[in-house]
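Now for the letters of each chain:
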Amino acid sequence: MADQPWHRTAHWRQWLLAGLVIGQTLAGLWLLQQGLSSDASGWASTLLMLVFAILFLWIGLGFWTAVFGFFILRRGGDPWSLDRQCPAGDPAELPRTAVIMPICHEPVQRTLNNLAATYRELQQGGDLEAFDFFVLSDSVDPEVWLEEQAACADLCARLGGHQRLFYRRRRIRLNYKSGNIGDFLRRWGMSYKYLVVLDADSLLEASAIIRLVRLMEHRPRAGIIQTAPRLARAGTRFARLQQFANRCYGRLYSAGLAAIQLGDATYWGHNAILRTAPFMRHCGLRRLGGPGLFRGPVLSHDYIESGLMGRAGLEVWLEPSIGGSFEESPPTLEDDLIRDRRWCRGNLQHLWLLATLDGLRPVHRLALLTGILCYLASPLWLGFLGLSGYLGLHSDAPPPTVPGLVASSAGFSGTNHFLMAFTATLLLGPRILALIDQVLAGRTPRFGGATRLLASAGGETLMALILAPVRMVVHSIHVVRALLNMRTPWQGQNRTGDSRSGAQWQPFIWPMTTAGVILALIHWQTPELTPWALPVTVPVLATPLLARWLAEPTSNRRCWLVPEQRVSAPVLARADAGLALGQLWPDLSRFEQRVLAPPSSDRTVRSQQRVQGRKQERLTRLVERCAQAGSGALSDEEITLLCENPESLRALHYRVWQADPDTPWGQVLARLEKTLEWRPGLAGIREEELEHRWIEAAS
Amino acid sequence: MDVTDPLYQRALLYLQVAGHDTGAQTRLRLQEHFNRCRADGRPVTAATLLPRLHQWFDIADQCHTLSGPRLVRGSVGYPGG
């Protein structure tokens, strides 16, 4: 890539950051060495120093990024950002852009109402002409994907979105989300200059989308522009905490990150715009060919894709100043940790790519490394605690009272005090800076006033401290699982907090056992170290109680208030007011509804999908079995096969409407009759269900 | 005709499911069709009900004729290691 004017600024900022982080780490190492007792030498102290250096580098990187963000925001924003360089209000015609939403076993109504909110915003602003919307499903459960189809058809009818809103479900699911997007690109990518990628919980205001397109037009070198999504629509205590942290402190981190990376930023996988042609040309992801964990599809694709875009000579920008970009937090601690399990595995896979992929820009390599460290930091921290405990045991110093550093010290000396204060500053400094920034920016009223903001931040920090050991132990287990290449299921994320209440203990059994065993061993071997271990082990042992408390819904408007709770963004209000989509006869399964609804009469579609030979024989047998024994006689795979073949579905439709009252389908018809009697308003399915014609075509 | 006839009831249910109007006029038309078939010696049976309903009523034509987006095949490039 030829040198751009921003390169010099970026290099200068990156060297400054490196200097600060390295300098701070060296200072920390010196303080630690001073604090170690004289008899603490040998392999354990050397290893301790090494682990400490990595961890101190790691937390220092976060701290100094926030400091950069603080100064950038205090200066009124970064003059180098694309948003500042591109004038607003460009009247030029918008180029063709696809808005895609890859989904896989997501809560259908919520997801599609999010998409509908964005669609309506664009429609209202008169900018819809340039955009097509695609729901790209990887769902396997027929009850889910049939609901997706029905809801999409309903949405299409309600929005008047024919030839603008499309649904596609892959029959062969290769390479997870990146494979889903790749499949879309191979079919329709050439038709669009840009691609706006949404997650199932994403919400983008029309103004944000238009701004992204305009920035892309203004900056032809930009391959990806990433927004910094704000967390919104939190319903549980856990999600409220995450949302508050994101809204209160997040702006510092994202401003700092954007300022340091400039055109070498990273893609976060959603709420971003991609330049389609170079993305197609350069960003395909091969299956990994290494051993164990490093074999198979790439799980975390986004960082790699931004690296590949950079390698191809294009820029990747993070633009936190673009508002109107939202996503949701996992509703519970359990869901958060499940998501982390997947992300952990995906990030650790990047080790292989770091080793094998040449030509990546240094900043992108560093981003991959920090992603890996996000998870490796946990076992390192655990190891650090273990080593400091070991050194504490083998020194003549009195038993320590605080976990971590002082366990290995020769006493609670001045240098120890200083090192503790230093560490606390690195850990808590960004929070304090963020609060100062909110006050100086006059934003405290949006958080319910200065007192409430301070109280919320205090509560959030306390909870973060309590949860830190839980995350440490769970992430360590995730890392071990990933390195041992133990299977990680790829399934839809729980985004609503439903259906988890009964299983609070299960995911925490291993972390609790680990903490319990550690505590028991310490107490057995050296009872005087027990108080030192309690602050780390007790939160882990109490995780189920914590998780249950955090999973409870809360409508408390006094604590952890964020600006959107005071004045909701229109797009959020639209999504919240979403309608029940594709809801026909609730007492019938989706498959039963599909069979009973009149099939498409369009012969062109049916003839395109005509099957012969063994497959036809199998389908005929399935129709016969289903007609005789009801929908329960078919497996999910068989139901899927039937629903994907309009002729067979049509044959089954005709058969079931002949069913005698005492047969399984006769009973379904009786239930249908009751439903229609009780819910006469839902009897008219013409608009909703007969839309399947276009779904069949796109599927 | 006997309006409690199960086939007649099922025909009404089908029309309702198809989003067709099931008011007095439709019921009258349906009864006339049933009566005519009986008079012609080809009474409506479970097997012939649906084809005949599609013949008598404008059910299929209510379907929107939409097509998916035009396929424009492209390829994805995979970078070397």
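As the structure is a prediction and not an experimental result, all values here were calculated from the model.

J.: Which parts of the structure should I look at to understand the overall build of chain B?
T.: Of regular secondary structure, chain B possesses 3 helices and 0 strands. Secondary structure elements in chain B, listed N-terminal to C-terminal, are α-α-α. Per-residue burial for chain B yields a buried fraction of 20% across its 81 residues. Nonlocal contacts in chain B, meaning residues at least 24 apart in sequence, comprise 53% of its contacts between residues at least 6 apart.

J.: What is the right way to read the overall build of chain A from this model?
T.: Along its length, chain A carries 27 helices and 12 strands. Across the 699 residues in chain A, those meeting the buried criterion constitute 50%. Taking the intrachain contacts of chain A between residues at least 6 apart in sequence as the baseline, contacts between residues at least 24 apart amount to 83%.

J.: Before we go on, may I ask you to explain the nonpolar core in this structure?
T.: Inside soluble globular proteins, nonpolar side chains tend to come together where they are buried. All names here are of chain A. Counting 199 residues, the largest nonpolar core has I100, L195, V196, I209, L212, I225 and I273 as the members making the most contacts within it. The greatest single-element share of this core, amounting to 14 residues, is contributed by helix α2 (residues 43-74). A domain-level breakdown of this core finds at least three residues from each of domain 1 (91-250 + 263-334) and domain 2 (590-698).

J.: Can you help me understand the sheet that holds strand β8 (residues 272-275) of chain A in this one?
T.: All names here are of chain A. Ordered by their spatial adjacency, 7 strands build an open sheet running β3-β2-β1-β4-β8-β6-β11, and the pairing between neighbours is mixed. The strands lining the two open edges of the sheet, one partner per strand, are β3 (165-169) and β11 (315-319). Averaged over all pairs of adjacent strands, the angle between strand axes in this sheet comes to 20 degrees, irrespective of strand direction. As paired strands, strand β4 (residues 194-197) and β8 are joined by 4 bridges and run antiparallel to one another. Following the sheet pairing, L195 is matched in β8 by L274. Contacting β2 (131-137) and β3, helix α5 (residues 142-159) runs over the sheet at an angle of about 170 degrees to β3.

J.: Would you mind going over the domain arrangement of chain A with me for this structure?
T.: Interface size is often expressed as the accessible area that is lost when the parts come together. When the domains of chain A are assigned, the result is domain 1 (91-250 + 263-334) and domain 2 (590-698). Look at where the C-alpha atoms of domain 1 of chain A and domain 2 of chain A centre, and you get two points 33 Å apart.

J.: Honestly, the environment of N645(A) in this entry has me stumped. Any pointers?
T.: Among the secondary structure elements, N645(A) is positioned in the loop between α23 (636-643) and α24 (646-656). Separated by 540 residues in the primary sequence, N645(A) and H105(A) have C-alpha atoms spaced 22 Å apart.

J.: Can you walk me through the sheet that holds strand β5 (residues 203-204) of chain A in this structure?
T.: Backbone-to-backbone hydrogen bonds join strands into a sheet, with any given pair of strands oriented parallel or antiparallel. Residues and elements named next belong to chain A. Overall, mixed pairing links the 3 strands, which are arranged β5-β12-β7 in an open sheet. Each edge of the sheet is formed by a strand with only one pairing partner; in this case those strands are β5 and β7 (230-231). Here β5 pairs with strand β12 (residues 325-327) via 2 bridges, running antiparallel. Bridge pairing links L203 to F326 in β12.

J.: Explain unusual backbone geometry to me, please; I cannot follow it from the model alone.
T.: Leave glycine aside and you will find that most residues have negative phi; peptide bonds, for their part, are mostly trans. Residues and elements named next belong to chain A. Although it is not a glycine, H105 adopts a positive phi angle of roughly 55 degrees. Within the secondary structure, H105 sits in the loop between β1 (97-103) and α4 (108-124). Unusually for a residue other than glycine, W560 sits at a positive phi of about 55 degrees. Residue placement: W560 occurs in the loop between α17 (543-551) and α18 (563-566). On the neighbour-count criterion, W560 (29 C-beta atoms within 10 Å) is buried.

J.: Looking at this structure, I do not really get the environment of L642(A). What am I missing?
T.: Residues and elements named next belong to chain A. For L642, the location among the structural elements is in helix α23. Note: C-alpha distance between L642 and L619 (23 residues apart in sequence) is 6.8 Å. Apart from the residues within four sequence positions on either side, L642 is in contact with L619, L622, C626, S648, L649 and L652.

J.: Hey, could you run me through the packing of helix α22 (residues 613-629) of chain A against α23(A) in this one?
T.: A pair of packed helices is captured by two measures, namely the crossing angle of their axes and the spacing between those axes. Residue and element names in this part refer to chain A. α23 packs onto α22 with a crossing angle of 110 degrees between their chain directions and a minimal axis gap of 10 Å. Compared by their axis directions, α22 and α23 come out roughly perpendicular. Considering only the axes of α22 and α23, their crossing is left-handed. Residue-level contacts link L619, L622 and C626 of α22 to E638, L641 and L642 of α23. Taken together, the residues of the contact of α22 with α23 break down into 5 nonpolar, no polar and 1 charged.

J.: Honestly, helix α13 (residues 414-440) of chain A in this entry has me stumped. Any pointers?
T.: Residues and elements named next belong to chain A. Of all the bends in α13, the largest measures some 50 degrees and sits at L428, one to four residues before the proline P430. All of the buried residues in α13 are N416, L419, L426, P430, L433, A434, L435, D437 and Q438. Elements in contact with the buried residues of α13: α1 (5-35), α2, α8 (237-261) and α14 (450-483). Among the residues trailing α13, G442 stands out with phi positive, at a value near 70 degrees.

J.: I would appreciate a short explanation of the packing of helix α1 (residues 6-17) of chain B against helix α2 (residues 24-39) of chain B in the present structure.
T.: Residues and elements named next belong to chain B. Two elements in contact, α1 and α2, have axes separated by 11 Å at closest approach and are oriented at 135 degrees. By the angle between their axes, α1 is oblique relative to α2. Read as a crossing pair, α1 and α2 show a hand that is right-handed. Two secondary-structure elements touch here, α1 through Y8, A11, L12 and L15 and α2 through T26, L30 and F34. Residues that form the contact of α1 with α2 fall into these classes: 6 nonpolar, 1 polar and no charged.

J.: Explain the environment of R650(A) here, please?
T.: Residue and element names in this part refer to chain A. Looking at the secondary structure, you find R650 in helix α24. For R650, a count of 17 C-beta atoms within 10 Å translates into the label partly exposed. On a C-alpha basis, the gap between R650 and R566 in space is 52 Å, while along the polypeptide they are 84 residues apart.

J.: Could you clarify how one ought to interpret helix α16 (residues 530-541) of chain A in this entry?
T.: Every α-helix winds through 3.6 residues per turn, so residues three or four apart in the chain are directed the same way. Residue and element names in this part refer to chain A. Between its terminal C-alpha atoms α16 stretches only 15 Å, short of the 16 Å expected from 12 residues at 1.5 Å a residue. Within the span of α16, buried status applies to W532, A533, V536, T537, P539 and V540. When α16 is viewed along its axis, its buried side chains cluster within an angular range of 160 degrees and face the same direction. Buried positions along α16 lie against α12 (362-393), α14, α15 (509-525) and α17.

J.: In this structure, what is going on with the pairing of β8(A)? I would like to understand it.
T.: Each regular strand shows side chains that alternate between the opposite faces of the sheet. All names here are of chain A. Side chains A272 and L274 project from β8 onto one buried face, and the interleaved I273 and R275 project onto a second face that is buried too. Bridge count for strand β6 (residues 222-227) against β8 is 3 bridges, and the pairing is antiparallel. Considered in β8, the bridge of Q226 is made with A272.

J.: Where do I start with the confidence of the model for chain A in this structure?
T.: It should be kept in mind that the predicted coordinates are not to be read in detail where pLDDT is low. In the predicted model, chain A carries a mean pLDDT of 87, and the fraction of residues at 70 or more is 89%. Counting interchain partners and residues more than four positions distant, the pLDDT-below-50 stretch residues 679-699 of chain A has 59 contacts.

J.: I would appreciate a short explanation of the confidence of the model for chain B in the present structure.
T.: Residues and elements named next belong to chain B. Residues at a pLDDT of 70 or more form 86% of chain B, whose mean pLDDT is 82. Summarising per-element confidence for chain B, the mean pLDDT is lowest in helix α3 (residues 46-56) (89) and highest in α2 (91). Interface confidence for the predicted complex, given as ipTM, is 0.90, next to a pTM of 0.89.

Quick notes on the rules
- Residues numbered from 1 in each chain as written.
- Chains lettered and ligands numbered in written order.
- Predicted model: local features only at pLDDT ≥ 70, side-chain atom pairs only at ≥ 80, totals over all residues.
- Helix = DSSP H or I, 4+ residues; strand = E, 2+ residues; numbered from the N terminus.
- Buried ≥ 20, exposed ≤ 12 C-beta atoms within 10 Å, placed from the backbone.
- Contact = placed C-beta atoms within 7 Å.
- Core = buried A, V, L, I, M, F, W, Y, C linked by C-beta atoms within 7 Å.
- Domains from an automatic or database assignment.
- Pairing = 2+ DSSP bridges.
- Axes fitted to C-alpha atoms, helices over the stretch in contact; angles between N-to-C directions.
- Parallel < 35°, antiparallel > 145°, perpendicular 65-115°, else oblique.
- Left-handed = near helix turned anticlockwise from the far one by under 90°.
- Nonpolar A, V, L, I, M, F, W, Y, C, P; charged D, E, K, R; others polar.
- Bend = angle between axes of the 7 residues up to and from the residue.
- Expected span 1.5 Å × (residues − 1).
- Arc of directions from axis to C-beta.
- pLDDT = per-residue confidence, 0-100.

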